[in-house]
Amino acid sequence: MSLEPPKIIITDGARRRRSSSVIAYLQNPGPAHHLNHLAEEQPDPLELQSPDGIQVPTPLPPPDEPRPLKKRVKERKTPEYYGPKSLRWVQRPKDSFVVLSTVVALFAVWEVASRSSFAPNYFKFNPFRPFLLVSYELPPRIDDPPGFIRCRKGPLDLLFLPFWVVAFSFIRQGLTQWVVKPFGKKIGIRRGTKMDRFMEQGYAVIYFLCSSIAGVYVMRHQDSWFYQTEHFWARYPHWDMPKSVKVYYLTQFAYWLQQALVMIAGLEKPRDDYVELVIHHIITLWLVGASYSVNLTQIGIAVFVSMDIPDLLLAISKCINYAGLESTGNVSFIIFMITWGYFRHYQNIRILHSVWTEFERVPAAARVWDPAKGYFMPSWMRYQIFAPIFALQLVIAFWSFLILRIVFRMFMGKAASDVREENEAGTETDGGATSEGGTETYRRTRSGATPVKRETRKRK
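Residue positions within a chain follow its written sequence, with the count starting from 1. Local features are withheld for residues below a pLDDT of 70 in this predicted model, meaning they are given only at 70 or higher, and side-chain atom pairs are given and counted only at 80 or more; totals for whole chains, interfaces and linings count all residues. Neither water nor hydrogens contribute to the side-chain values; these are computed over all heavy atoms in the structure.

Enquirer: So what's going on with the nonpolar core? Residues and values would help.
Expert: With 79 residues, the main nonpolar core has W233, M377 and I385 as its most contacted residues. Secondary structure elements are defined from DSSP: runs of H or I of at least 4 residues count as helices, runs of E of at least 2 residues count as strands, and each element is numbered from the N terminus. Contributing elements (two or more residues each) for this core: α5 (157-186), α6 (193-220), α7 (243-265), α8 (274-293), α9 (297-322), α10 (326-357), β7 (375-376) and α11 (381-411). Pairs of residues are marked as contacts when any of their non-hydrogen atoms sit within 4.5 Å. Ignoring sequence-local partners within four residues, the contact set of M377 consists of Y236, V294, L296, F359, V362, A366, R367, V368 and I385. By nonpolar core we mean a set of buried residues, namely Ala, Val, Leu, Ile, Met, Phe, Trp, Tyr and Cys, connected to one another through side-chain atoms within 4.5 Å. Type-normalised accessible area, obtained with a 1.4 Å probe on protein chains alone, sets the label of each residue: buried when under 20%, exposed when over 50%, and partly exposed for intermediate values.

This is how it looks when you write it as structure tokens:
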């Protein structure tokens, strides 16, 4: 009986034993040399033996398909901008700075070229001057003090407005991002809704402080200083105005136009009184534009001062409240409430009374509609002047009701917080105003101001 060497079946998964002899490898370079020490007869490693002894070829596995390489794209955190794309410059200080620097550069180049001795006469007028500076300066009178400049109105004044609207956009975004926000972080205000509100009111403090000082200065040099209402109408029309009055008036006009663009672009989260705020902006633009057009700048300056001083104290009080200084915030709010009642109600009602009872002080020759002479005071203009100021007083009365609610809460032992921002309580987090499922971002749509929920992933 002969002994046959065992049959060895080799599959793909079988582990092959390597030879440790380098000489055997060189003499027999084939794959079977690894099994020479186990058996004399070695099967083909690519074949299997069936039960009948027939060699069956082993099917080769399909080759692995190469996986496509996925290009890793780094996600960029881009800031979110709302509103029309044409208003991106309102939100991005870099874009508004480009516009401003371009106009200033063109003005400077033209100014230098026009002073050359080779420049023709028609080149002497700088077309970029009306964008930066007020136009229509008049020659001095005999009785004018030295350095006193008077100006008239004209169509070139419309070019002054767009440049300063862009300038206020740059100033607003630059101050809030580079000055107010770092200051808020230093005093312990976290990111989120409270920081956004602090930035808004911080800019309001800076602007209304400057506008209040300028308004009091300009009003101090008017005959109607500190609400001497009879001078609103005497010596009408106030066509020739001091240069300081014209700069102040057009700058205020540009500021309120820029504030309207802020509302359209959605830079400020709307409060509960959003509708009343829109009405206030519309009435303000109506009053500023109409009073400037019909030569009633003295009554317009009086309204400006009565609005800016209470707004300054309101912004200061709210900044103190956001900083967490409750006792100081209560004191500042009481001061603001007294100032609000005096300027926004008492003095504005005196202005309304003057419109209704002192309109007859307008010179008889000026009670006609003659734009060539600057006369815009027919008898029916009394109602056109009275209506917007009365509508503004109604909006102020609504806000006074909200102020009384805050006073009532103070008597109940609560802090003097803005009741228009009650819905923002409880949503304050480090990352913004959040709710379940994501972050709420408010933006303007065609149908109004609506909250838009943006889904965000939670950080692990």
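The structure having been displayed, the exposition proceeds.
Enquirer: Lay out α7 in plain terms, naming residues and giving numbers.
Expert: A helix is expected to reach a length of 1.5 Å times the quantity of its residues less one. Between its terminal C-alpha atoms α7 stretches 33 Å, which fits the 33 Å expected from 23 residues at 1.5 Å a residue. In terms of burial, α7 is largely enclosed, as 17 of its 23 residues are buried. Of the residues one or two after α7, G266 is the one with positive phi, at around 75°.

Enquirer: Can you break down the side chain of S169 residue by residue, with the values?
Expert: Summarising the element assignment, S169 is placed in helix α5. Leave out the neighbours within four places in its chain, and S169 touches W89, V90, S96 and Q258.

Enquirer: Describe the sheet that holds strand β5 (residues 241-242), listing the residues and the values that go with them.
Expert: Spatially, β3-β4-β5 is the arrangement adopted by the 3 strands of the open sheet, whose pairing is antiparallel. A strand with exactly one partner marks an edge of an open sheet, and here the two such strands are β3 (137-138) and β5. A pair of strands counts as paired when DSSP detects no fewer than two bridges linking them. Pairing of β3 with strand β4 (residues 150-151), which is carried by 2 bridges, proceeds in the antiparallel orientation. Looking at β4, one finds that L138 is bridged to R150.

Enquirer: Go over the packing of aromatic side chains with me, naming the residues and quoting the values.
Expert: Remark: the centre distance and the inter-plane angle together describe each pair of aromatic rings, the angle taken between the planes. Only Phe, Tyr and Trp rings take part, Trp by its six-membered ring, and two of them pair if their centres are within 6.5 Å. Stacked means planes under 30 degrees apart, edge-to-face means over 60, and tilted covers everything else. Summed over the entire model, instances satisfying the criterion amount to 27 aromatic pairs. With a centroid separation of 5.7 Å and 85° between ring planes, the pair formed by Y248 and F304 is classed as edge-to-face. Here F304 lies in helix α9 and Y248 lies in helix α7, a separation of 56 residues in the sequence. Residue classification places Y248 among the buried positions, given a relative accessible area of 6%. With relative accessibility at 6%, the residue F304 sits in the buried group. Ring centres of W369 and W380 lie 5.7 Å apart, and the angle between their planes is 25°; on these two criteria the pair is classed as stacked. Placement of W369 in strand β6 (residues 369-370) and of W380 in the loop between β7 and α11 is noted, with a sequence separation of 11 residues between them. Overall, the relative accessible area of 47% leaves W369 in the partly exposed class.

Enquirer: Outline the environment of K269, listing residues and values.
Expert: Topologically, K269 is positioned in the loop between α7 and α8. Taking the C-alpha atoms as reference, K269 lies 8.7 Å from T193; in sequence the two are 76 residues apart.

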